[in-house]
Amino acid sequence: MNTENHSQMAAFIWSVADLLRGDFKQSQYGRIILPFTLLRRLECVLAPTKDKVLAAAKEHTDKPDAVREQLLLRASGQQFFNASELTLGTLSDAQTADDLMSYVQAFSADAREIFEHFHFEDFVQQLSANNLLYQVVQRFAGFDLSPQRISNFGMGSIFEELIRKFAESSNETAGEHFTPRDVVHLTTSLVLTGEEERLRPNSIFTIYDAAAGTGGFLSEADEYIAQVSEQVTTSLFGQELNPESYAICKADMLIKGKEVANIKLGNTLSDDQLAADRFDFMLANPPFGVEWKKVQKQVTDEHKLRGFDGRFGPGLPRVSDGSLLFLLHLVSKMRDPRDGGSRIGIILNGSPLFTGGAGSGESEIRRFLLQRDMVEAIVALPTDMFYNTGIATYVWILSNEKPAERRGKVQLINATERYSKMRKSLGSKRQYIDDASQEAIVRAYGRFEESDESKIFPVEAFGYRRITVERPLRLNFQASEERLARLAEEKALQKLDDERLDAIRRACGRLNADYRYTNRETFLGDLKATLNAEKLRLAAPQLKAVVSALSERDPEADICKDAKGNPEPDSSLRDNENVPLGESIFDYFEREVRPHVPDAWIDESKRDEQDGEIGIVGFEIPFNRHFYVFKPPRPLEEIDADLKACTDRIEGMIEELSA
């Protein structure tokens, strides 16, 4: 069955919603249709061995439950079984609800759990109360979802289409549940390409998805490896937050004969249920730009208490976007390079490339990944690729066992023009990466050569030192009426009573109101003399407030100096410069700063925590800048000609109207 037929089958299944209209809300359709679809698929998979299982069930009724379950699993030839004589097609129309729940309870434990996460029994009772249950059951009993007609891959596509329809009908975010198959296939190909030699016969590989959704990445990787070598065994692992997506993923693993205990339900960031495991290949599409405030305490505690022994040692991103936390989580699950290492493919939005300046959590995470030479390639995808958003997205490929030619380097691939338009949009997804485009992208990655679409950089190219450039404070001072009036606005003087404030104002008024001081030391000498004449002794904060009220910045004034005779910096003129990593900050300063501001200097007290050198180290990956192509504006004559043609056309239209 091809992709178009998969869509037709999904639409056919979704047509059951016609029965539900009026009695159920639109947002409830999917919660009924999805578990019934799963139930029918499981039933079709078990059909060939059903008689054998029933015979075994009768034969082993006296066996302990654990032993009996193993015997029935062996009889079914699957990772699950159903010991009921019933099927959807044979349920009684008189007691459909009781029969149906009896049928579901006859599944093995892992299969039963799937229906619990859908709250299946609640909806069965609602359907029964509305006299719809038997009709729904009969509709699903008529769908042929057998493996002979629909492959596991095809069934996954049908599930995805149903979930998308469910998300649209309930105004939920479809993209949080699954990733489009074209993006899944491309990411999987990028991670696994070149690994054919490693995938030797009789070897075992582990594949992990930290945001598993309905299991699309796991299924795709499993199928890819099966195509490369039929004798390679794959173990699939995943964790998913959404109970319904988890249920579908688990059902898919059951059908494929995989170990369903490897699929976990829960929040990956706060409760890693596979904490001790390390994996060969990891694939993930964590939610874009989703805040992690709900798990902030657990994540922050792990960062502070465990440091680099935990998952988040390098730093924490801002709470508004947890994408980089998922990336760090995956990195923590890499195998030791001596055991073969690991490869990661993760889809992220643009924020992790550049958000956060030097010293920020985001920058420190990028620094950790780049300086440890883990980032192998980043691929910019076309926009409008996902069901719930049209934003720019990127595939990051990471490895802790890079090939020799890639060590110390990062490849950027601009694949934003590699797409085809969809005949019909699916939510925000208006474009897809066709087979030819996927092949071109993977080929560009595999060749590892410079081209218009592919750029290769040393790791250091993305690093810089942020130095603090100071300029001296220059002030003039004057006891004019305007500045004397500002005395009352100073906080340190507002606490004084009116009599003392008036005394300070009179003392300052003794200074020549028309004379403007350009040297702070001279002004302070005269000011203190007038205060002494009035027998006024001011505390340091009060004296500072008087000086502040009577001063203004003046680039022509003398430099203000501290007690040691050093120039005092003007905080309002403070600036930062990003010096490329590896370049002398002093050479850069003399070339780029000194010619423009001769009195500036570098604040050498601002040093990096890790290496102790002057300047804070930062890392960013300005992807678009490296692929920007300047397009000169059109000649003015051409623009003028267009404008004249436009005005002539307007004048002609006006003349026609007035004729």
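Our subject is the structure listed above.
All values reported here derive from a predicted model rather than from experimental measurement. (Residues numbered from 1 in each chain as written. Predicted model: local features only at pLDDT ≥ 70, side-chain atom pairs only at ≥ 80, totals over all residues. Heavy atoms only, no water.)

Asks: Please clarify how the overall build of the protein should be interpreted in this entry.
Replies: Per the secondary structure count, the protein includes 26 helices and 17 strands. Computed over its C-alpha atoms, the radius of gyration of the protein comes to 35 Å, more than 25% above the 26 Å expected for a compact globule of 659 residues. Along the first, second and third principal axes, the C-alpha atoms of the protein reach 115 × 80 × 60 Å. Buried positions account for 52% of the 659 residues belonging to the protein. Looking at the protein alone, contacts between residues at least 24 apart form 77% of all its contacts between residues at least 6 apart. (Helix = DSSP H or I, 4+ residues; strand = E, 2+ residues; numbered from the N terminus. Rg over C-alpha atoms; globule rule 2.2 N^0.38 Å. Buried < 20%, exposed > 50% of the residue type's maximum accessible area, 1.4 Å probe, protein only. Contact = heavy atoms within 4.5 Å.)

Asks: Whenever I open this one, the packing of helix α11 (residues 181-192) against helix α18 (residues 435-447) confuses me. Can you help?
Replies: For any two helices packed against each other, one specifies the crossing angle of their axes together with the interaxial distance. Following both chains from N to C, one finds α11 and α18 inclined at 25°, their axes separated by 10 Å at the closest point. Judged by the inter-axis angle, α11 sits roughly parallel to α18. Considering how the two elements wind past one another, α11 and α18 form a crossing that is right-handed. Of the residues in α18, those in contact with Asp 182, His 185, Leu 186, Ser 189 and Leu 190 of α11 are Gln 438, Ile 441, Val 442 and Tyr 445. Looking at the contact of α11 with α18, its residues break down into five nonpolar, three polar and one charged. (Axes fitted to C-alpha atoms, helices over the stretch in contact; angles between N-to-C directions. Parallel < 35°, antiparallel > 145°, perpendicular 65-115°, else oblique. Left-handed = near helix turned anticlockwise from the far one by under 90°. Nonpolar A, V, L, I, M, F, W, Y, C, P; charged D, E, K, R; others polar.)

Asks: Teacher, can you tell me more about the packing of aromatic side chains here?
Replies: Counted according to the given criterion, the structure contains 18 aromatic pairs. On the basis of an interplanar angle of 40° and a centroid distance of 5.8 Å, the ring pair of Tyr 103 and Phe 107 is categorised as tilted. The same class applies to Tyr 103 as to Phe 107, namely buried. With a centroid separation of 5.3 Å and 85° between ring planes, the pair formed by Phe 140 and Phe 143 is classed as edge-to-face. Exposure remark for Phe 143: the relative accessible area of 3% places this residue in the buried category. Over the face of the ring belonging to Tyr 208 we find Lys 333, whose NZ or CZ atom lies 5.8 Å from the ring centre. (Phe/Tyr/Trp six-rings, centres within 6.5 Å; stacked < 30°, edge-to-face > 60°. Lys NZ or Arg CZ within 6 Å of the ring centre and 35° of its normal.)

Asks: Quick question: what am I supposed to make of the sheet that holds strand β8 (residues 409-414) here?
Replies: Whenever strands of a sheet pair, they do so through backbone hydrogen bonds, lying parallel or antiparallel. The strand order across the open sheet formed by nine strands is β3-β2-β1-β4-β5-β7-β6-β8-β11, and the pairing between neighbours is mixed. Two strands close off the open sheet at either side, each with one partner strand: β3 (263-265) and β11 (454-458). When the angles between neighbouring strand axes are averaged without regard to direction, this sheet yields 15°. Two strands pair when backbone bridges link them, and strand β5 (residues 343-349) and strand β7 (residues 393-399) are joined in this way by seven bridges, in the antiparallel orientation. Paired with Ile 347 across the bridge in β7 is Val 395. (Pairing = 2+ DSSP bridges.)

Asks: Looking at this structure, I do not really get helix α22 (residues 520-533). What am I missing?
Replies: The periodicity of an α-helix, 3.6 residues per turn, causes residues three or four positions apart to be oriented the same way. With 14 residues, α22 extends 20 Å from end C-alpha to end C-alpha; this agrees with the ideal 20 Å at 1.5 Å per step. Buried residues of α22: Arg 520, Phe 523, Leu 524, Leu 527, Thr 530 and Leu 531, and no others. Down the axis of α22, the buried set is contained in an arc of 130°. They therefore lie on one face. Looking at α22, the residues exposed on the side facing more than 90 degrees away from the buried face are Glu 521 and Asn 532. (Expected span 1.5 Å × (residues − 1). Arc of directions from axis to C-beta.)

Asks: Help me out: how do you make sense of unusual backbone geometry in this one?
Replies: Backbone phi values are negative for most residues with the exception of glycine, while trans is the configuration of most peptide bonds. Backbone geometry places His 119, a non-glycine residue, at a positive phi of 55°. Looking at where His 119 falls in the secondary structure, it is placed in the loop between α7 (109-117) and α8 (120-129). Take His 119: its relative accessible area is 51%, and that puts it in the exposed class.

Asks: Sorry if this is basic, but what is going on with the nonpolar core here?
Replies: Most often, soluble globular proteins keep nonpolar side chains buried together rather than apart. Counting 96 residues, the largest nonpolar core has Phe 36 and Leu 100 as its most contacted members. Per-element tally for this core: the top contributor is helix α3 (residues 29-46), with 11 residues. Residue contacts for Phe 36: discarding those within four places in its chain leaves Leu 100, Phe 120, Leu 127, Leu 133, Val 136, Val 137 and Phe 140. Within the second largest apolar cluster, 47 residues are counted, among which are Ala 211, Leu 325, Leu 353 and Ala 380. (Core = buried A, V, L, I, M, F, W, Y, C linked by side-chain atoms within 4.5 Å.)

These figures capture arrangement, not role.
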